[in-house]
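Reading the structure
Listed here are the chains, written in short residue letters.
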Amino acid sequence: AYQPQMELSTGHVAGIEALLRWRHPDLGIVPPDSFIPIAEETGLIVPLGEWVLATACRQAVAWQQEGHPQLRIAVNVSARQFRQKNLGLRIETILADTGLDPVLLELELTESAVMENPEEAILTLRQLKKMGVTLSIDDFGTGYSSLSHLKHFPIDRLKIDRSFVKHVTRDQNDATIAEAIIALAHSMKLTVVAEGIEHGEQLEFMSQRRCDTMQGYYLSRPVTADEFGEFLKKLGEVEGKGHT
Ligand code: C2E
Ligand code: CA
Ligand code: CA
């Protein structure tokens, strides 16, 4: 499934996150939270993750070929995938096979994945960065991050976890945390994405604090590739009208 992200300063859709779904013949659509931890344990996450990467890259190229504006596609990379010795090479191969420009690929990593072995992580991150891909830290604030390591990592963005966004307009502590993450990111020259935006008030909060990007049900739920194509078409019409 695909969920758009909107740039708050311009109102433009600048990216999409690919989110895995399992269409089970009896169980229907199984959400990733119920099978990714098992796939992670068994190692199946490695081929599964590669399938997600290849599918997402191919889809992004297809949207471009249909004449949609260039959108950056974000893909979740699990801790186990990140530990793979040849991750850089695998990703390079997928980019070459699908023909996606590396600047249009974003990899979302969790704090725990990059903090597990920071010395090793920095080498992998540098290699990925050299290829031109965008690197984000997902669910920021929920794991354990060493700020001294973080400042050496060649990352581009932080994603504020949904758990802080949920009550951000009602809970002073959440508001303080969200503001602190935005300030931290900007002082490190990183951009910030707020995830899980469901209401206009949350959007307003993030806009006022100069959060760069938002993602959440307020803009769109994760949808199928076809539905997203329709979403882009409508958007193009709206933006086209705006220019004339
Ligand atoms: P995540 O990376 O933090 O993804 C965001 C989750 O929040 C998605 O759940 C998305 O559907 C949901 N979400 C987005 N906007 C809203 C909102 O406004 N309100 C609420 N309540 N929820 C919102 P989803 O798709 O069930 O994915 C859950 C987690 O599974 C993801 O969390 C990610 O950690 C993992 N995941 C999903 N796809 C992949 C994948 O391809 N590879 C790996 N390794 N993990 C994946
Ligand atoms: Ca994510
Ligand atoms: Ca997240």
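Read on for a plain summary of the structure. Residue positions are given per chain, counted from 1 along the sequence in the order it is written. The order in which chains are written sets their letters, starting at A; the order in which ligands are written sets their numbers, starting at 1. Where totals are concerned, whole chains, interfaces and linings use all residues; where local detail is concerned, this predicted model gives features only for residues with pLDDT of at least 70, and gives and counts side-chain atom pairs only at 80 or more. Side-chain measures here rest on the full set of heavy atoms in the structure, leaving out hydrogens and waters.

**Describing the overall build of the chain**
As a reminder, the rule being used: Note on conventions: DSSP H or I runs of at least 4 residues are helices, E runs of at least 2 residues are strands, and numbering of each starts at the N terminus. The atom set for the radius of gyration is the C-alpha atoms, and the globule formula is 2.2 Å times the number of residues raised to the power 0.38. Accessible area is worked out with a 1.4 Å probe on protein chains only. A residue is then buried under 20% of its type maximum, exposed over 50%, and partly exposed in between. By definition in these notes, contact holds between two residues if any of their heavy atoms fall within 4.5 Å. For the accessible areas, the method is Shrake-Rupley and the probe is 1.4 Å, while residue cover comes only from the protein chains on display.
Broken down by element type, the chain carries 11 helices and 10 strands. Over its C-alpha atoms the chain spans a radius of gyration of 18 Å, differing by no more than 12% from the 18 Å that the globule rule assigns to 244 residues. Looking at the chain as a whole, 46% of its 244 residues qualify as buried. For the chain, the share of sequence-separated contacts (at least 6 apart) that also reach a separation of at least 24 residues comes to 68%. For the chain, the accessible surface area stands at approximately 12700 Å², while carbon and sulfur atoms represent 53% of it.

**Quick notes on the pairing of strand 8 (residues 157-160)**
Let me state the cut-off plainly: Whether two strands pair comes down to DSSP finding at least two bridges between them.
Residues R157 and K159 line one face of strand 8 and the alternating positions L158 and I160 line the opposite face, and both faces are buried. Taken together, the 3 bridges between strand 7 (residues 134-140) and strand 8 define a ladder with parallel strand orientation. When the sheet's bridge partners are listed, I137 is paired in strand 8 with L158. As defined by bridge partners, strand 8 adjoins strand 9 (residues 191-194) across 4 bridges and the pair is classed as parallel. Residue L158 lies in a different strand from strand 9, and its bridge partner there is V192.

**Some thoughts on the coordination of the calcium ion (ligand 2)**
To keep it simple, the criterion reads: Donor atoms (N, O, S) are those found within 2.8 Å of the metal centre, with the cutoff raised to 3.2 Å for Na, K and Ca; water is not part of the atom list, so apparent gaps in a site can occur.
For the calcium ion (ligand 2), the full set of protein donor atoms is E17 (OE), N76 (OD1), E108 (OE) and D138 (OD), at a range of 2.1 to 2.3 Å. In terms of primary sequence, the donors binding the calcium ion (ligand 2) are separated according to E-x58-N-x31-E-x29-D. A separation of 4.0 Å is found between the calcium ion (ligand 2) and the calcium ion (ligand 3), both of which receive a donor from D138. Placement of E17 in strand 2 (residues 13-18) and of N76 in strand 5 (residues 72-76) is noted, with a sequence separation of 59 residues between them.

**Looking at the coordination of the calcium ion (ligand 3)**
Protein coordination of the calcium ion (ligand 3) is provided by D138 (OD), D139 (OD), E195 (OE) and E195 (OE), with donor distances spanning 2.2 to 2.5 Å. Read in sequence order, the donor residues coordinating the calcium ion (ligand 3) give the pattern D-D-x55-E.

**Looking at the site of ligand 1**
What counts here: When at least one non-hydrogen atom of a residue lies within 4 Å of a molecule or strand, that residue is treated as near it. Any pair of N or O atoms that falls within 3.5 Å is considered a polar contact. Within protein, one atom must be able to donate a hydrogen and the other to accept it, and sequence-neighbouring residues count only if both atoms are side-chain atoms. Throughout this entry, Asp, Glu, Lys and Arg are counted as charged residues, while Ala, Val, Leu, Ile, Met, Phe, Trp, Tyr, Cys and Pro are counted as nonpolar. The remaining residues, Gly among them, count as polar.
Close to ligand 1 lie 22 residues, the nearest being R21, D138, R162, E198 and Y217. Here D139 contributes a side-chain N or O atom positioned 3.2 Å from an oxygen atom of ligand 1. E198 places a polar side-chain atom, nitrogen or oxygen, 2.5 Å from a nitrogen atom of ligand 1. When ligand 1 is considered free in solution it has 800 Å² of accessible area, and contact with the protein chains removes 85% of it. For the shell around ligand 1, the elements supplying multiple residues, two or more each, are helix 2 (45-65) and strand 7. For the shell around ligand 1, a count of residues per class yields 9 nonpolar, 5 polar and 8 charged.

**Considerations on the packing of helix 2 against helix 4 (residues 87-98)**
Test applied: Throughout, an axis means a line fitted to C-alpha atoms (over the contacting stretch in the case of helices), and angles, computed between N-to-C directions, take values from 0 to 180 degrees. The sense of a crossing depends on the near helix, which, turned anticlockwise from the far helix by less than a right angle, makes the crossing left-handed and, turned clockwise, makes it right-handed.
Relative orientation of the contacting elements helix 2 and helix 4 amounts to 30°, with a least axis distance of 9 Å. Considering how the two elements wind past one another, helix 2 and helix 4 form a crossing that is right-handed. Listed contacts from helix 4 to E50, L53, A54, C57, R58 and V61 of helix 2 are R90, I91, I94, L95 and T98. Each residue belonging to the contact of helix 2 with helix 4 can be placed in one class, and the counts come to 7 nonpolar, 1 polar and 3 charged.

**With respect to the pattern of salt bridges**
Definition in use: What makes a salt bridge here is a side-chain nitrogen of Lys or Arg within 4 Å of a carboxyl oxygen of Asp or Glu, nothing more.
Here the structure, examined in full by the defined rule, presents 11 salt bridges. Among the salt bridges present, the one from R83 reaches E116, with a minimum N-O distance of 2.8 Å. Of this pair, R83 sits in helix 3 (residues 79-83) while E116 sits in the loop between helix 5 (111-115) and helix 6 (118-131); the two residues are 33 residues apart in sequence, bridging distant segments of the chain. Under the relative-accessibility criterion, R83 is labelled partly exposed at 44%. By relative accessible area, E116 is classed as partly exposed at 47%.

**Some remarks on helix 10 (residues 200-208)**
Test applied: Relevant arc is that of directions from the helix axis to the C-beta atoms, nothing else.
Residues of helix 10 that are buried: Q202, L203, F205 and M206. Projected onto a plane normal to the axis of helix 10, the buried residues spread over an arc of 160° and lie on a single side. Exposed side chains of helix 10 directed beyond 90 degrees from the buried face belong to E201 and Q208. Tucked inside the fold, the buried residues of helix 10 contact strand 8, helix 8 (162-165), helix 9 (172-187), strand 9 and strand 10 (213-215). Trailing helix 10 by a residue or two, R210 shows a phi angle of about 60°, which is positive.

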